Each structure stands twice: as structure tokens, then as C-alpha cells.
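# A look at the structure
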There are 2 protein chains.
Amino acid sequence: MIQKYEPRRGDHLLVIGFGPVAVRLVDELLPAVASGDLRLTVVGAESRVGYNRVLVGEYGVGRLDEDGLALLDLEDWTSRGVEVLTGTEVTWLDRSARQAHVVDTVTRTPATLDYDLVVLAVGARPNLPVLRGINPDPGAAALLPPGVTVLRTPEDAADLREAVARRGRVVVLGGGVLGVEVALAAHEEGCPVTVVHHRPWLLTRSTDAIAGAMLNGVLARHGVEVVTDAVAKEVLRDATGAFRALRLADGRTVEGDVLVLSCGVTPRTRIAEGAGLRVARGIVVDHELEADPEARVFALGDCAEVLCDDPSCPVCPARVGRGPMGLVGPGWRQAEWLARRLLAALRNDPGPLEPLVEEDVDSIRLKARRLDFGAGGLLAGEPWQPQPAGQGVALWVDGARGKLVKSVVRDGVVVGWISLGMPRAGAELALLHASGRPAPVDLSVLLRLDGADGGEEELTPASTVCRCAGVAAGTISEAISGGCSTVEEVRTTTRAGSGCGGCRGSVEKLLRELVPQAG
Amino acid sequence: MIQKYEPRRGDHLLVIGFGPVAVRLVDELLPAVASGDLRLTVVGAESRVGYNRVLVGEYGVGRLDEDGLALLDLEDWTSRGVEVLTGTEVTWLDRSARQAHVVDTVTRTPATLDYDLVVLAVGARPNLPVLRGINPDPGAAALLPPGVTVLRTPEDAADLREAVARRGRVVVLGGGVLGVEVALAAHEEGCPVTVVHHRPWLLTRSTDAIAGAMLNGVLARHGVEVVTDAVAKEVLRDATGAFRALRLADGRTVEGDVLVLSCGVTPRTRIAEGAGLRVARGIVVDHELEADPEARVFALGDCAEVLCDDPSCPVCPARVGRGPMGLVGPGWRQAEWLARRLLAALRNDPGPLEPLVEEDVDSIRLKARRLDFGAGGLLAGEPWQPQPAGQGVALWVDGARGKLVKSVVRDGVVVGWISLGMPRAGAELALLHASGRPAPVDLSVLLRLDGADGGEEELTPASTVCRCAGVAAGTISEAISGGCSTVEEVRTTTRAGSGCGGCRGSVEKLLRELVPQAG
């Protein structure tokens, strides 16, 4: 039987990948690095240090500059002893020798890095659709022609940023959450925008036919052109080789100045596969994030798939794995948990560690300034269809005003919901869903929250304000009492607002209420 | 050109038909008969005098006895000079001779009746479905075997009444308004009930697919078996020849002790056709109820179809005719208007008569103790489907609680609605629909009316309490101030409650509030 490795003082931890989840892990381990209990090297393939990838879309439409993406203070890290290798690609993880073979992405100089423990935080890569006119050969010099882009890195976003700056025509291929968000943002910034989607309705994975039809209609009313049931066939290019139009299977062409490919992501599993680790949709880890039997290799974030195959596991009853969720919050919680585990081991702390509970975050909330949409959980059927015993569905649709609220209640508890144009009802449903608190018997009372007399949103100390970082209103209030007086100070102190930034309004509200007024 | 006939004093008016509409017409003309200004003969084919046909279903389930159906005081009528011929069938209306040829329904003795004016108020006859095992030959001695019945007369209702008295199994063929009402009433009285309907959902003409699916489900939850999409083929009979089961085209049989055929009605047009009058769905009349160019023959109630074919008619813009509505109220309003017209002519009153506005009563409200359903107007499409400019649809469905509210608003005004299990929202929508008052922008506020805190229904003096007789709350309040202290006294004085009886609760409420308490 393979012995499980117990980390010791002085061990070298190699963090492969330099996205937001890797940054959070390193942040949490900084004290142990500074005290010399842990050696830590973080290896990233990009030339820049870890940044807030969640905001690349905002950057792409010109709402942020590069500083707005920053996640870490490199000088602080290196002064505490963290080794940072950017522009460095891992080619092979040799688990028997406990060495990572790496190569400089520019010079192609190879090297090896010894390790005692390794964490794979390599994230996911954008899917490239099969389209004539772009080159899907990963060995090619440039995968994508000018004006055709994914949205993973600031470099990716450059074409979009340039097009938005001159109010160019933006074509988005793929009407998932990120595609719709970037379409709405570019449109809000003044660009003519077309979303081309292969299914009958946008956000196909997160919503149902009725809410999808409403959503299509609301986007169209906002002025975003929505082309559904569209099979994209070819990228047409102008004389300079740059994007000119997207040709569909039915012969139509959608013209534009830039094409954003938003066709989902796939976990990066190459290193794990090369190391003989189990891979399903992602790198398979158990509920303690272990990817190997020795517990020397861990994986977390978008590259990992929690798939516990022990039928007697008390933490993972009937667990099924799933792909990346495109949310930074769950990965951050994994990073925090793994840091606690490693720190406990380094301290020889024998106490039980609170188990990492995988979050049931099959819920989304669209980030857009003029459109509110959220959904989560089970969207089973329509209210007029037969339901399993104990389950009921309620639906409100106001076609003229583009509003919808759907709730699925099982045994008195919300197990699924959709809200469109009803932010407060949506927030309440999300809360009921997450908390498992009893749902109101008459679900129509939720509609009052968004009525003219619905009143302001009430934040209790326990209300989660920042969903990415998991920060409660009470924590933010304490930070404000402790001296924070700006959104930035609150973010630095509490991490609220460090993710997608969607909670900025709530943080501003707390600041208005709590900061003593001058004079 | 044919001269329009002007009624004169002493004219003989023949009223053919003796249903509630004929009774109301005679009631209104009683003063002229008593004063000798008019001779009036009413001819009915049934052996009994006019009764409240609307309540035959209630009678059939044993909630009323025959006295409860009474509509008139025959002694009073005859003492004032009304001639009443029951058991008398009109075989031919000879318009050139101005004679009705009649025959005694028992002795078959023929006779003729001279007239100056004639009113056809012969109503409609129940449709008989084509089923093996029943004899659709009108010449046969008995059209229907024992245990198979329509619900037009108290005699029809005898089999049902007997079956309900011993809690027998009731099968209703036809899930229209009357079929569903009798099914619910029989079930409320303790009978096992099955409704067999040929379309996918009940009340097919009055509702849409979604509300229909909800309605099917709500009836099933109440314990009424609903068999939809069912093609009835054959009536199976026991050794005595009585009803045993209904066989469907797919081979299934629905067993029961009594079969109620509720398959709609057809206007009785035989006399009009024989008299060479124009007949479409019903006896065609213009908006002044004239069936002939001379204005000697009138028709009203369920046998008449208002179909003004004068394109320049100021009263009937774009009028299209329609079949009988199964409501007594519009026929009563026609009777009252025609009485006013005749009385004005007899008085040589040259003043203009307020035109008869055909009521837009394509709305229904189901009479049932434990189920509230109403619908009216245009039910166009679903809220998530594209609508014509200016039109919006809103929908609330709570599947678990069996509640639904749909509203169709065009240019700010309700043009259609459905309510299920939401009586106050339904009443408000019916009122908004009828009045053309502006609808609330946020239609979800209507849902609050049926909430726990919706408060009691507010009756203003102008609120219509009795929809059949068109009696406002103010009229009832005055009657109570004037001394009425029971529902029966209010009915006699104001006619409120003289139709379907659905307003009894509201009348009781007014009595509770307004009758001075003893002591």
C-alpha cells in the first residue's frame, strides 16, 4: 500500500499555474514561506504575474486598464521568499523523480525543478470552434487571424479593446454567460453587437426554453442582435487577412470588425496526463484535492474535477464530477482550504480539519449594467406539467416588461430558480436556495420585492456581499469601523470586490451608511 | 320597399318559447298587458311554465327542489291578462297570414293563433353526440336510454338526481363550462365523477393550453377523474337497457351509473327556417333584434344571433355573429330592451331609444364551491412569444397550489384574462376588461389581492353583484335600507340572485353589514 506523504518543514511546494486561484493559494501560504517553514515556487506560462482573469472582459471593453487587473504585490512576495517563474512552461512532471521539467517559453531553454509537493492550478483553456479560416493547429505560429480572439488574457483582449475604442462592430460567437456579458458590455460602450449562438436560446446551459426566449427578446430590445440556432462555418477575412465576417451554414454572413470566440473552456490536463494521473473532464481529485495516491500532487480550480469514487466516503455521497464553472469563488475556497491543510501539517497540528465541502454553485448571475439575470439549481419542467411528489414550480412572466421569476421548490425548500429583470426576487431566491431555509408558501410574495414599494435591499451582517471571495456584510462593516473609507481599502482589507467586482454597489452602500460624514 | 310595422295599442304579441328570457320579457310587459294596451300570449312546448333553466344542474345534484327553479307567479300573470299555453308546439309560422300553427304536444290537436307581433325566444337544444347505443333519430319514442341524459329540463335531470342521491358514479361527457360545473357539483355531493373530454384540456373554448393543463390537474387533485383526448364511441347498457359504461375509441371503458351528455347547444332555428327567415348559427337579427324586414318578428336569447350586415351601421362596427353563450344575463338585457322598445311604440313615444349594445360576454366564471376559474376576451399567445406592438402578456402560475393568472393588455387596457384559484385577481381583471380602465403597469400587484393580507373584497355602490340580472351593490343596499332582510327578499325586490345564484355570498355579506341587529 502506498504511504500517504505528510508534509514537513522545509518542503518545497511547486505551484504550477499562475491564475487567481494560484495567487490565492500563495497568499494564504505567505506566512509559512516568510518563516522558512515552506519553500514555494510558482511557475506560470504567461510572461506576466498572476492577474484577475475574471475582469479580462471588462478590460477588453475599455472599462479597466491593466492596473485594474492586478492581484498581487510581487515585491512583497519575493521579499518574503516566494520564487516566481513566469514565461515558464512545464513539459513533464516526473513523479518518480519528483521533478518538474520546464522550458522557457521564449528561449526554449529547458530546466528541472525538484519538489516535495506540487499543486496543479493550470486552469482551463478556451475552446476553439471548428471554423474554416482559422487554424486549429496548436503548433501553428498564430492560431487566430487578426480581429478574431478569445478572452483569456489581456493580449487576447487587445483586438476587442481596440475595436470598442472606435465603436466598431462586435460579433460574439457563443451565447453562454461570458459571451452574453461581453456582448452587453460592448453594447453598453456604444458598439453595434451581434451574438451568434448555436442553440435556440442564450445561456442554454443555465436556463430553460421560456426564460431563454425572454432573454433573447430582452437582449434584442436592448439593441443587441441575437442570431440563434446558428451554425458558424467560416471566418471571412479581408485583404489584410483580418476578420471581416462570420459565415453561417445557411449562407448568411454576420459582418463585424472583431469576432470574440466564447465557446466554453476545457480544463488543462496535459501535465496531469503526462504524469499518469487520472483525468476525466478535468484532473480527477478526491474531496481533499489529492490527485495521486501519495498525496504529493494536488489540483484545484478550473483544471480539477472533484470526483470521489469511494462509495463509502462520508463527505461525497453520490458525487458526480463536472466541468469548470467559470467562477473564481469556488477555486478560491479550495485554495484557502488546501493552504489550511498544508499549514496544519507543517505545524504538526493533529486536529481534524473541517472538510472541504464542494460548493453547489451551478448558479449564475449575469454581470451587466442594464440587465439582471440569475439562475441556479434544478430548472425542472414547467408549473403546469406534472411534478414529482413534494415538488412544485411557480412562474411569473411579464412579457411586456421583460421580467420573469421561476422557482422550483421541493419539500418546502428552493432547489432551483431563474430571475430576469427582478434582481431582488432573484437575490432572495439565491439566498433561499443556498441556505435551504423554508420557502414562502405563496411564492408570489417574492414579486413584491421588485415592486415600486419593495423598499431597499436589506443587508444583514450575515448577508454574503462578495460571492467570489465569500465576504459577509458584517466583515465589511467591521472593516469600515476599523478605518476603511473607500471601496479599494475595503477590498484590500477584506478581499470583498477582488473577484468579479459585481458587489461594488453593495460595498458603496455600506460605506455611505457607515463612514462618519466629515463636518 | 317594405314598410316597417309600428306596434299599436291592442296588438297581439305572441311570445314563442317559455324559458327565462321569455319570462323576463313578459314580466317587463305586464303593465301594458294589465292596462289592455297589449294582448300577450306565451307559448311553451314544455308542460310546465317557465322556470330557471340555469339551475337545472343544481337541481340535478339535489341542491334545489322544483320550487327553487320557479321564476314566475302564474296566478298573477293570468289575473293581469297574460295568456299562457304550455304543452304547445309551434309547427309553422305563417308570416303572410300572421298566424302561428300550433299543436298540442300530448293530444296532437292542431290550432292557429293570430298575431300582430311575434317574439322567438325558443333558446337552444343540447347537442347529442353520435354514439352507438343511443338513438339519434328525433322521431324515436325515447332518444336516450335510462341513465343517459342531457341537462336542459328537470325531467332530464331526474336520472342524475336519483344517482347523486345514492352517491352513484357519474360520467360526464364533455368538459365545457356546464359539464365541468355539473361534474364538480356531483363530486362535491359525494359522487365518484369522471369527465370525458375530446380535447387535450377542459374548457377548451374558454382557455389556453397552459391554463387548461392546470385546470385538468386541479380537477384531478380535487378527486375528479379527467379523461382528455378521448373519443367516445359507444354507450354500453346493462340487461335492463340502462347505462353501464361509456366505451372510448381506444377501447377503454368508463363505467358509471349515469351519463350526462354535455356537448354544447345549438340554437333552435326550425320555426325561423320554416318561416323563411335568415338563419346563420342562430336566427339572424340586427342590433334591434328584428328578424324580418317588417319588424313584426323578433328573436332574442340563445336562439338569436346578432349579425348586423349593414357596413354603415353605427351601432355594430365590424360585428361578427356568434353562437349561444350559455349565460342568461345577455338575454335578459335583450328582453328588457325589447320591452322598452315595444312599450315606447305603444305609448307613441317618439324619443330616441338608447341602443342595445351587445355585451362582450365572451367571458366565463365557473360556478363551483371549491374551485375558482374565470376567463374572458383574447387569450393571445404566451408572454415569452412575440406580440403585436402595444400588446403584452403577463402570466403567474403556481403549480403546487393550482393557481394561475394571465392577462393580455393592449395599449394599456386589459383585453383578455384567465384566473384559476385567484378569485380576487380574476374579479379585478374582469372589471378592468369590462370597464376599459387602465391596467396597472406592474401586473404582479394583482396577485396581492389573493394574498394572505389581500383584505376583504371591497364592494362599491357601482360594483356589479349579480352579473346575470345586472344588479349593482348600491341597488341592493337601497333594498336593504328599504326593509329587505333576507336573500329571498332581496331577490324578489332587485332580481339580484335570480339567475345562476353565484352572487349569494355577496348579497349575504351586504345583509350582514347593513341589516340593523336586533337587541
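Worth saying up front: this structure is predicted, and the values here are computed from it rather than measured.

Thresholds, definitions, all that
Residues numbered from 1 in each chain as written. Chains lettered and ligands numbered in written order. Predicted model: local features only at pLDDT ≥ 70, side-chain atom pairs only at ≥ 80, totals over all residues. Heavy atoms only, no water. Helix = DSSP H or I, 4+ residues; strand = E, 2+ residues; numbered from the N terminus. Rg over C-alpha atoms; globule rule 2.2 N^0.38 Å. Contact = heavy atoms within 4.5 Å. Areas by Shrake-Rupley, 256 points an atom, 1.4 Å probe, with all protein chains shown as cover. Least-squares fit on C-alpha atoms with pLDDT ≥ 70 in both. Phe/Tyr/Trp six-rings, centres within 6.5 Å; stacked < 30°, edge-to-face > 60°. Lys NZ or Arg CZ within 6 Å of the ring centre and 35° of its normal. Salt bridge = Lys/Arg side-chain N within 4 Å of Asp/Glu carboxyl O. Buried < 20%, exposed > 50% of the residue type's maximum accessible area, 1.4 Å probe, protein only. Lys, Arg positive; Asp, Glu negative; His and termini not counted. Polar contact = N/O pair within 3.5 Å; in protein donor to acceptor, adjacent residues only side chain to side chain. UniProt positions renumbered as here; feature names shortened; annotations may be inferred. Disulfide = S-S within 2.5 Å. Pairing = 2+ DSSP bridges. Axes fitted to C-alpha atoms, helices over the stretch in contact; angles between N-to-C directions. Buried area = accessible area lost by both parts, 1.4 Å probe. Nonpolar A, V, L, I, M, F, W, Y, C, P; charged D, E, K, R; others polar. Parallel < 35°, antiparallel > 145°, perpendicular 65-115°, else oblique. Left-handed = near helix turned anticlockwise from the far one by under 90°. Expected span 1.5 Å × (residues − 1). Domains from an automatic or database assignment.

## Some points on the overall build of chain A
If you tally the helices and strands in chain A, you get twelve helices and 27 strands. Taking 24 Å as the expected radius of gyration for a compact globule of 519 residues, we find that chain A reaches 24 Å, a close match to that expectation. Seen along its three principal axes, the alpha-carbon backbone of chain A occupies a region of about 65 × 60 × 60 Å. Taking the intrachain contacts of chain A between residues at least 6 apart in sequence as the baseline, contacts between residues at least 24 apart amount to 62%. When the accessible area of chain A is evaluated, it comes to approximately 23000 Å², of which 51% is carbon and sulfur surface.

## What to know about the relation of the copies chain B and chain A
Between the two copies of the chain lies a rotation about an axis combined with a shift along it. Screw-axis analysis of chain B against chain A gives a translation of 0.1 Å along the axis, an RMSD of 0.1 Å, and a rotation angle of 179°. Read as a symmetry element, the transformation amounts to a two-fold axis. The C-alpha atom lying nearest the rotation axis in chain B is that of Trp396(B); the distance is 2.2 Å. Here 100% of the contact residues of chain B are again contact residues in chain A; the copies associate through an equivalent surface.

## Observations concerning the packing of aromatic side chains
Scanning the entire structure with this criterion turns up three aromatic pairs over all chains. Judged by centre distance (6.0 Å) and plane angle (20°), the rings of Phe18(A) and Trp77(A) are stacked. Here Trp77(A) lies in helix α3 (residues 74-80) and Phe18(A) lies in the loop between β1 (11-16) and α1 (20-34), a separation of 59 residues in the sequence. The side chain of Arg48(A) reaches across the aromatic face of Tyr51(A), ending 5.7 Å from its centre. Above the ring of Tyr59(B), the side-chain terminus of Arg161(B) is found at 4.1 Å from the ring centroid.

## Some thoughts on the pattern of salt bridges
Once their charged atoms are close, side chains differing in charge can pair, the charge on each being opposite to the other. In this structure the tally under the stated criterion is 58 salt bridges over all chains. Here Arg63(A) ties to Glu189(A) by a salt bridge, and the two come within 2.7 Å at their closest N and O atoms. Residue Arg63(A) is found in the loop between α2 (56-60) and α3, and its partner Glu189(A) is found in the loop between α5 (177-188) and β11 (193-196); the two are separated by 126 residues along the sequence. In this structure, the salt-bridge partner of Glu294(B) is Arg296(B), at a minimum N-O distance of 3.8 Å.

## Notes on the side chain of Glu305(A)
Residue and element names in this part refer to chain A. Considering the arrangement of structural elements, one finds Glu305 in strand β20 (residues 304-306). Lacking a salt bridge, the buried Glu305 has Arg281 as its closest oppositely charged neighbour, with an N-O distance of 4.7 Å. Polar side-chain contacts of Glu305 include one of 2.7 Å to the backbone nitrogen of Arg281.

## Notes on the side chain of Thr88(A)
Residues and elements named next belong to chain A. Of note, Thr88 is situated in strand β4 (residues 88-94). Reaching out from Thr88, the side chain makes a polar contact with the backbone oxygen of Thr86 at a distance of 2.9 Å. Beyond its immediate chain neighbours, meaning those up to four positions away, Thr88 contacts Val43, Gly44, Ala45, Val102, Val103 and Thr105.

## Quick word on the UniProt feature "domain: BFD-like [2Fe-2S]-binding" (unreviewed entry) in chain A
When the UniProt feature table is mapped onto this chain, "domain: BFD-like [2Fe-2S]-binding" (unreviewed entry) is found at residues 465-513 of chain A. A helix fraction of 55% and a strand fraction of 8% characterise residues 465-513 of chain A, whose end C-alpha atoms lie 15 Å from each other.

## Regarding the state of the cysteines
For the coordinates displayed, the defined rule picks out zero disulfides over all chains. With no disulfide partner, Cys191(A) has as its closest neighbouring cysteine sulfur the one in Cys263(A), 19 Å distant.

## Things to note about the sheet that holds strand β13 (residues 232-237) of chain B
Sheet strands line up and pair through hydrogen bonds in the backbone, either parallel or antiparallel. All names here are of chain B. One open sheet accounts for three strands, arranged β13-β14-β15; its pairing is antiparallel. Each of the sheet's edge strands pairs with one partner strand only, and the pair in question is β13 and β15 (253-255). For this sheet, the mean inter-axis angle between neighbouring strands, taken without regard to orientation, is 25°. Where strand β14 (residues 243-248) meets β15, three bridges bridge the pair, whose relative direction is antiparallel.

## Examining the interface of chain B and chain A
Between chain B and chain A, the residue contacts involve 23 residues of the former and 23 residues of the latter. Summed over the three residues of chain B that lose the most area to chain A, namely Trp384(B), Trp396(B) and Arg448(B), the buried surface amounts to 31% of that side. Counting every contact that joins chain B to chain A gives two salt bridges. Where Arg401(A) meets Asp442(B), a salt bridge forms, and the shortest distance between an N and an O atom there is 3.4 Å. Between the two partners, chain B and chain A, sit six residue pairs in polar contact (both at pLDDT 80 or more). Only α6 (209-222) and β23 (391-398) of chain B provide two or more residues apiece to the side of chain B that touches chain A. Sort the elements by how many residues they give to the side of chain B that touches chain A and β23(B) lands first, with seven residues. Within the side of chain B that touches chain A, the residues separate by chemical class into 14 nonpolar, four polar and five charged.

## So, the environment of Trp332(A)
Residue and element names in this part refer to chain A. Residue placement: Trp332 occurs in helix α8 (residues 328-346). In this structure, the C-alpha to C-alpha distance between Trp332 and Ile418, residues 86 residues apart in sequence, is 25 Å. Every residue in contact with Trp332, bar those within four places of it in the chain, is listed here: Pro20, Val21, Arg24, Cys468, Ala469, Ser498 and Gly499. Among the polar contacts listed, one links the side chain of Trp332 to the backbone oxygen of Pro20, at a separation of 3.1 Å.

## Digging into the packing of helix α1 (residues 20-34) of chain B against helix α8 (residues 328-346) of chain B
Residue and element names in this part refer to chain B. One way to put it is that α1 packs onto α8 with a least axis distance of 8 Å and a crossing angle of 25°. What the angle tells us is that α1 and α8 run roughly parallel. Note that α1 runs across α8; the crossing there is right-handed. Touching Pro20, Val21, Arg24, Leu25, Glu28, Leu29 and Ala32 of α1 are Val328, Gly331, Trp332, Ala335, Glu336, Leu338, Ala339, Leu342, Leu343 and Leu346, all from α8. The class makeup of the residues in the contact of α1 with α8 is 13 nonpolar, one polar and three charged.

## Looking at the pairing of β4(A)
All names here are of chain A. Of the pairings in the sheet, the one linking β4 to strand β5 (residues 99-104) comprises six bridges and is antiparallel in character. Its bridge partner lying in β5, Trp92 is registered against His101. Hairpin connection between β4 and β5: a loop of four residues separates the two successive antiparallel strands, and Arg98 in this loop has a positive phi of roughly 50°.

## Notes on α5(A)
Residues and elements named next belong to chain A. A rise of 1.5 Å per residue sets the reference length of α5, with its twelve residues, at 16 Å; its end C-alpha atoms lie 16 Å apart and thus fit the reference within 8%. Of all twelve residues in α5, nine are buried, a share of seventy percent or more. Of all the positions in α5, only Gly179, Val180, Glu181, Val182, Ala183, Leu184, Ala185, Ala186 and His187 are classed as buried. Contacts from the buried residues of α5 go to α4 (154-165), β10 (170-173), β11, α6 (209-222), β16 (258-261) and β21 (363-365). Residue Gly190 follows α5 closely and has a positive phi angle near 105°.

## Concerning the sheet that holds strand β14 (residues 243-248) of chain A
Residue and element names in this part refer to chain A. Taken together, the three strands give an open sheet; going across it, the order is β13-β14-β15, and neighbouring strands pair in antiparallel fashion. Looking at which strands have only one partner, the edges of the open sheet turn out to be β13 (232-237) and β15 (253-255). Pairwise comparison of adjacent strand axes, ignoring direction, gives a mean angle of 25° for this sheet.

## Regarding the domain arrangement of chain A
The assigned domain composition of chain A is domain 1 (11-124 + 266-346), domain 2 (128-263), domain 3 (371-450) and domain 4 (464-518). In this structure, domain 3 of chain A and domain 4 of chain A have C-alpha centres spaced 28 Å apart.

## A word on unusual backbone geometry
All names here are of chain A. For Leu289, which is not a glycine, the phi torsion comes out positive at approximately 70°. Along the chain, the position of Leu289 falls in the loop between β18 (283-285) and β19 (297-299). Despite not being glycine, Asp411 has its phi angle at roughly 50°, a positive value. For Asp411, the position within the fold is in the loop between β24 (403-410) and β25 (413-420). Of the residues examined, Asp411 reaches a relative accessible area of 61% and is grouped as exposed.

## Some thoughts on the packing of helix α10 (residues 473-481) of chain B against helix α11 (residues 487-494) of chain B
Residues and elements named next belong to chain B. α11 packs onto α10 with a crossing angle of 115° between their chain directions and a minimal axis gap of 10 Å. The pairing of α10 with α11 is recorded here as roughly perpendicular in orientation. Crossing hand, α10 versus α11: right-handed. Two secondary-structure elements touch here, α10 through Thr475, Ile476, Ala479 and Ile480 and α11 through Val490, Thr493 and Thr494. Looking at the contact of α10 with α11 residue by residue, the classes come out as four nonpolar, three polar and no charged.

## So, the pairing of β5(A)
Residues and elements named next belong to chain A. As paired elements, β5 and strand β6 (residues 110-114) share five bridges and run antiparallel to each other. Bridged to Ala100 within β6 is Leu113. The hairpin formed by β5 and β6 contains five residues between the paired strands, and Arg108 there has a positive phi angle of roughly 65°.

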